[in-house]
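Chain by chain, the residues run as shown.
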Amino acid sequence: MSESSLRADIVEVGRRMYARGYTASNDGNISVRLDASRLLMTPKSVCKGFMTPDMMCITDLEGRKLQGDRDPSSETLMHLEVYRQRPDVQAVVHAHPPTATGFAVAGIPLDRAVLAEVLTTLGSIPIAEYATPSTRELPEAVRQYIKAHDGMLLANHGALTVGADLFAAYYKMETIEHFAKISLVARMLGRENLLSREEVTRLQDLRGAYGIKAPAPICAETAEDESCQVVQAPAGAGRRLVPDPPSLAQRGHASFGEASAKADGEREIRLTYRELSALIEDAIRALR
Ligand SMILES: [Zn+2]
């Protein structure tokens, strides 16, 4: 791809990120490989929604500016680390999409086996440990996950995606935010039906069939291996129902005396408000 079309693509991706609310003010940054030794990088302190092709900086792989009127992004170090660790990556996108960043703030990774298209493309979306933006700590936090993941959350900060071209990296950012919204709604509704481990394996096999290049295979839930992706999926056929949070269980409307088995084997009884009031009145009467 020519340098001029790459500059135009960065402008377009910046415009889409800003239009979708993935960045506010001057947040976010985008880079692409120009050739074996040079990167094209968004400049520092510019709103990504209103860039022009001439604003981009050209840097070497050490982050030194080779060309451009403006200074390269303050997160250049994070981009450089990704290119160092992943020779296959051609583009890096960083933004603060609000729902995904909410998960990053809550410390909840998007690693449950819920959506087939997320499993076949991104796999799991872990959270890189918090690090002060623009410092050397951030590339170190990213390094732990970047070999096995094309997308991750950055704790208390935002999200990072990479790809074989700029639009591939950008679409992964869209997928993460979309997945985060769906996960949030499911959790607000009180439950998530997870896909089984067998289904996850089947979906993983589809990666090959559809020519999807994932950076690493999906491994078992308990694995602590940086070379694979950890996805939470129940073993055995069928689905696991993630238990309702206690607040929802209390609001339950099951008929009197109905007991529901909880995941940990503890049993609970759900009462309607009227039934509960009757029990309290009985208890008070007994006390008199
Ligand atoms: Zn940021």
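A brief report on the enclosed structure follows. In every chain, residue numbers begin from 1 and rise along the written sequence. Restriction of local features to residues with pLDDT of at least 70 applies here, the model being predicted, together with a cutoff of 80 or more for giving and counting side-chain atom pairs; totals for whole chains, interfaces and linings are based on all residues. Hydrogens and water are ignored here; the side-chain numbers use all heavy atoms of the structure.

**Topic: the overall build of the protein chain**
For step 1, the next point in the chain: For the purposes of this entry, the term helix denotes a DSSP run of H or I that reaches at least four residues, the term strand denotes a run of E that reaches at least two, and both are numbered from the N terminus. Within the protein chain one finds 9 helices and 14 strands.
For step 2, the next point in the chain: Looking at the protein chain as a whole, 45% of its 288 residues qualify as buried.
For step 3, the next point in the chain: Residue burial considers only the protein chains on display, and all accessible areas are found by Shrake-Rupley using a 1.4 Å probe. Surface accessibility of the protein chain: about 14,800 Å² in total, with carbon and sulfur atoms responsible for 54%. Relative accessible area decides the class of each residue, using a 1.4 Å probe on protein chains only: under 20% of the type maximum gives buried, over 50% gives exposed, and in between gives partly exposed.

**Overview of the sheet that holds strand β1 (residues 29–35)**
For step 1, the next point in the chain: In this analysis, strands are considered paired if DSSP registers two or more bridges between them. Reading across the sheet, the 8 strands line up as β4-β3-β2-β1-β5-β8-β7-β6 and stay open at both edges, with mixed pairing between neighbours. If you trace the sheet from one side to the other, it starts and ends with β4 (65–67) and β6 (127–128), each paired once.
For step 2, the next point in the chain: The pairing of β1 with strand β5 (residues 91–95) spans 4 bridges and is antiparallel. In the sheet register, isoleucine 30 faces β5, and the bridge partner there is valine 93.
For step 3, the next point in the chain: Here, two residues are considered to be in contact whenever any of their heavy atoms come within 4.5 Å of each other. Axis definition: a line fitted to C-alpha atoms, over the contacting stretch in the case of helices. Angles run 0 to 180 degrees between N-to-C directions. Contacts from helix α3 (residues 98–106) reach β6, β7 (151–154) and β8 (158–163), with the element oriented near 60° to β7.

**Here's the deal with the state of the cysteines**
For step 1, the next point in the chain: Note on terminology: disulfide denotes any pair of cysteine sulfur atoms within 2.5 Å. One pass over the structure, following the stated rule, counts 1 disulfide.
For step 2, the next point in the chain: Paired through a disulfide, cysteine 219 and cysteine 228 show a sulfur-sulfur distance of 2.0 Å. Residues cysteine 219 and cysteine 228 share a disulfide whose torsion about the S-S bond is about 70°; that sign makes it right-handed.

**Regarding the coordination of the zinc ion**
For step 1, the next point in the chain: Protein coordination of the zinc ion is provided by His94 (NE2), His96 (NE2) and His157 (NE2), with donor distances spanning 2.1 Å.
For step 2, the next point in the chain: Because no water is among the atoms considered, metal sites can look incomplete, with donors defined as N, O and S atoms within 2.8 Å of the metal, or 3.2 Å for Na, K and Ca. All donor residues of the zinc ion come from one chain, and their arrangement in sequence is H-x1-H-x60-H. With histidine 96 in the loop between β5 and α3 and histidine 157 in the loop between β7 and β8, this pair connects stretches of sequence that are 61 residues apart.
For step 3, the next point in the chain: In this structure histidine 157 comes out as buried when scored by relative accessible area, which is 9%.

**Let's talk about helix α5 (residues 137–146)**
Think of an α-helix as turning once every 3.6 residues; residues three or four places apart then point the same way.
For step 1, the next point in the chain: All of the buried residues along α5 are Leu138, Pro139, Ala141, Val142 and Ile146. For α5, the buried positions fall inside an angular range of 160° around the axis, keeping them on one side. This arc corresponds to the set of directions leading from the helix axis out to the C-beta atoms.

**Observations regarding a nonpolar patch on the surface**
For step 1, the next point in the chain: Here the term patch refers to residues with relative accessible area over 30% and no salt bridge, with like charges joined within 9 Å and nonpolar side chains (Val, Leu, Ile, Met, Phe, Trp, Tyr) within 5 Å. Salt bridges are defined as contacts in which a side-chain nitrogen from Lys or Arg sits within 4 Å of a carboxyl oxygen from Asp or Glu. On the surface, Leu276, Leu279, Ile280 and Ile284 cluster together into a nonpolar patch covering about 330 Å² of accessible area.
For step 2, the next point in the chain: Residue isoleucine 280 is classed as partly exposed on the basis of its relative accessible area, which comes to 45%.

**Considering the pairing of β8**
For step 1, the next point in the chain: Within β8, 6 of the 6 residues are buried, which leaves it mostly tucked inside the rest of the structure.
For step 2, the next point in the chain: Looking at chain direction, β7 and β8 are connected through 4 bridges and run antiparallel. Note that in β8 the partner of leucine 154 across the bridge is glycine 158.
For step 3, the next point in the chain: Between the antiparallel neighbours β7 and β8 lie 3 residues, among them asparagine 156 with a positive phi of about 50°.

The values are spatial; any link to function lies outside them.
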